[in-house]
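Notes for the structure review
Below, each chain spelled out in residue letters.
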Amino acid sequence: GQNIDQPTEMTATEGAIVQINCTYQTSGFNGLFWYQQHAGEAPTFLSYNVLDGLEEKGRFSSFLSRSKGYSYLLLKELQMKDSASYLCDVRDGGKAAGNKLTFGGGTRVLVKP
Amino acid sequence: GAVVSQHPSRVICKSGTSVKIECRSLDFQATTMFWYRQFPKQSLMLMATSNEGSKATYEQGVEKDKFLINHASLTLSTLTVTSAHPEDSSFYICSASSGGSSYEQYFGPGTRLTVT
């Protein structure tokens, strides 16, 4: 089975940095995804990590440690539009799993002026 | 980028009726489509995985006779909520993957279902 944990909610100030941690326990692993979801909308893809290390993409960076079952999403220079839920998702591996994604509960980030 | 559409975006139906939701991949062939359900302030819950031309694989606790999934072509999957009840009111989201070595799933915009 899959177990993914991330904080429920975080608050940060515009222009600041916020780090969202995610820990996981999975029977198979074929990559970790971060998605952003605004209320009432579908998720949008932010990042993908399958090897250990840091992936940087503009203001967003994502880190993975497979041995620790740990990832974080780093949001820099926060903007008001970054207020959203951030979903940590692990892709199961193997044919039987069908590469399906298991979503964590999501972290609601509130950016204040 | 890849585009996935859903229709309708919003639907209100009476209890006991059936509702069909369509999910289309507009510019790529989706060998696999996924159907999710999301209740307010909760994360996405996978309902079923659908591969083109074969029966869908349902997650534990999801009634396959109530949520009928058809994936008849590489660009279209449908979810039919049969005999809908108010507790089925939710946000239904599909995603599509071209499969193989592709790692990304592309999400549709979602369908808000309200059963009165």
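Residues numbered from 1 in each chain as written. Chains lettered and ligands numbered in written order. Predicted model: local features only at pLDDT ≥ 70, side-chain atom pairs only at ≥ 80, totals over all residues. Heavy atoms only, no water.

1. Some remarks on the overall build of chain A
Going by this rule: Comment: elements are numbered from the N terminus, with helices defined as DSSP H or I runs of at least four residues and strands as E runs of at least two. Our radius of gyration is a C-alpha quantity, and the globule rule it is checked against amounts to 2.2 Å times the number of residues to the power 0.38. Partly exposed describes any residue whose relative accessible area lies between the buried limit of under 20% and the exposed limit of over 50%, with all areas from a 1.4 Å probe on protein chains only and scaled to the type maximum. Here, residues are in contact when the closest pair of their heavy atoms is within 4.5 Å. Where accessible areas are quoted, they stem from the Shrake-Rupley method and a 1.4 Å probe; at the residue level, only the protein chains shown are allowed to cover. Note that His is not counted, nor are the chain ends; the positive residues are Lys and Arg, and the negative ones are Asp and Glu. A single reference atom marks each charge: NZ on Lys, CZ on Arg, CG on Asp, CD on Glu.
Regarding its fold elements, chain A presents zero helices and eleven strands. Taken from the N to the C terminus, the helices and strands of chain A come in the order β-β-β-β-β-β-β-β-β-β-β. Computed over C-alpha atoms, the radius of gyration of chain A comes to 14 Å, within 12% of the 13 Å expected from 2.2 N^0.38 for 113 residues, which places it in the range of a compact globule. Across its three principal directions, the C-alpha atoms of chain A cover 45 × 30 × 20 Å. Expressed as a percentage of its 113 residues, the buried residues of chain A come to 48%. Across chain A, every contact between residues at least 6 apart in sequence was considered, and the portion connecting residues at least 24 apart equals 56%. Of the roughly 5,400 Å² that chain A leaves accessible, carbon and sulfur atoms contribute 50%. Of the side-chain charges in chain A, 11 are positive and 11 negative, and the distance between the mean point of each set is 4 Å.

2. Digging into the state of the cysteines
Here a disulfide denotes one covalent bond, and it connects the sulfur atoms of two cysteines. Cut-off, in case you're wondering: Put simply, a disulfide is two cysteine sulfurs that come within 2.5 Å.
Applying the stated criterion to the full structure yields two disulfides over all chains. One disulfide in the model links Cys22(A) with Cys88(A); its S-S distance is 2.0 Å. Between Cys22(A) and Cys88(A) the sulfur-sulfur dihedral comes to about -70°; the bridge is accordingly left-handed. Here Cys88(A) lies in strand S9 (residues 84-91) and Cys22(A) lies in strand S3 (residues 18-26), a separation of 66 residues in the sequence. Looking at Cys22(A), the relative accessible area reads 0%, which means it is buried. Given a relative accessible area of 0%, Cys88(A) falls into the buried group. For Cys23(B), the disulfide goes to Cys94(B), at an S-S distance of 2.0 Å. Its torsion about the S-S bond being 80°, the disulfide of Cys23(B) and Cys94(B) is classed as right-handed.

3. Section: the sheet that holds strand S1 (residues 4-7) of chain B
What holds strands together in a sheet is hydrogen bonding between their backbones, with the strands either parallel or antiparallel. Residues and elements named next belong to chain B. Using the following cut-off: If DSSP finds at least two bridges between two strands, the strands pair. As a rule, the C-alpha atoms of each element are fitted with a line to give its axis, helices using only the stretch in contact, and angles between N-to-C directions run from 0 to 180 degrees.
Judged by pairing direction, the sheet is antiparallel, and its four strands sit side by side in the order S1-S3-S8-S7 without closing on themselves. On the outer flanks of this sheet lie S1 and strand S7 (67-73), each paired with one strand and no other. Each strand axis lies, on average, 15° off the axis of its neighbour in the sheet, ignoring direction. With five bridges joining them, S7 and strand S8 (residues 76-81) adopt antiparallel strand pairing. Counterpart to Phe67 in the pairing with S8 is Val81.

4. Observations regarding the nonpolar core
The cut-off we apply is this: The definition of a nonpolar core used throughout is a set of buried Ala, Val, Leu, Ile, Met, Phe, Trp, Tyr and Cys residues joined through side-chain atoms within 4.5 Å.
Residues Trp35(B), Phe67(B), Leu79(B), Tyr92(B) and Leu113(B) are the most contacted members of the largest nonpolar core, which totals 24 residues. Breaking this core down by element, the ones donating at least two residues are strand S2 (10-13), strand S3 (19-25), strand S4 (32-38), strand S5 (45-51), S7, S8, strand S9 (90-97) and strand S11 (111-115) of chain B. Ignoring sequence-local partners within four residues, the contact set of Leu113(B) consists of Val11(B), Cys13(B), Val19(B), Val81(B), Asp88(B), Ser89(B), Ser90(B) and Tyr92(B). Judged by nonpolar contacts, the second largest core, of 20 residues, contains Val18(A), Ile20(A), Tyr24(A) and Val111(A).

5. What about the environment of Thr31(B)?
All names here are of chain B. For Thr31, the position within the fold is in the loop between S3 and S4. A relative accessible area of 32% means that Thr31 is categorised as partly exposed. Between the C-alpha atoms of Thr31 and Leu113, which are 82 residues apart in sequence, the distance is 26 Å.

Note that all results are geometric; they support no functional claim without further evidence.
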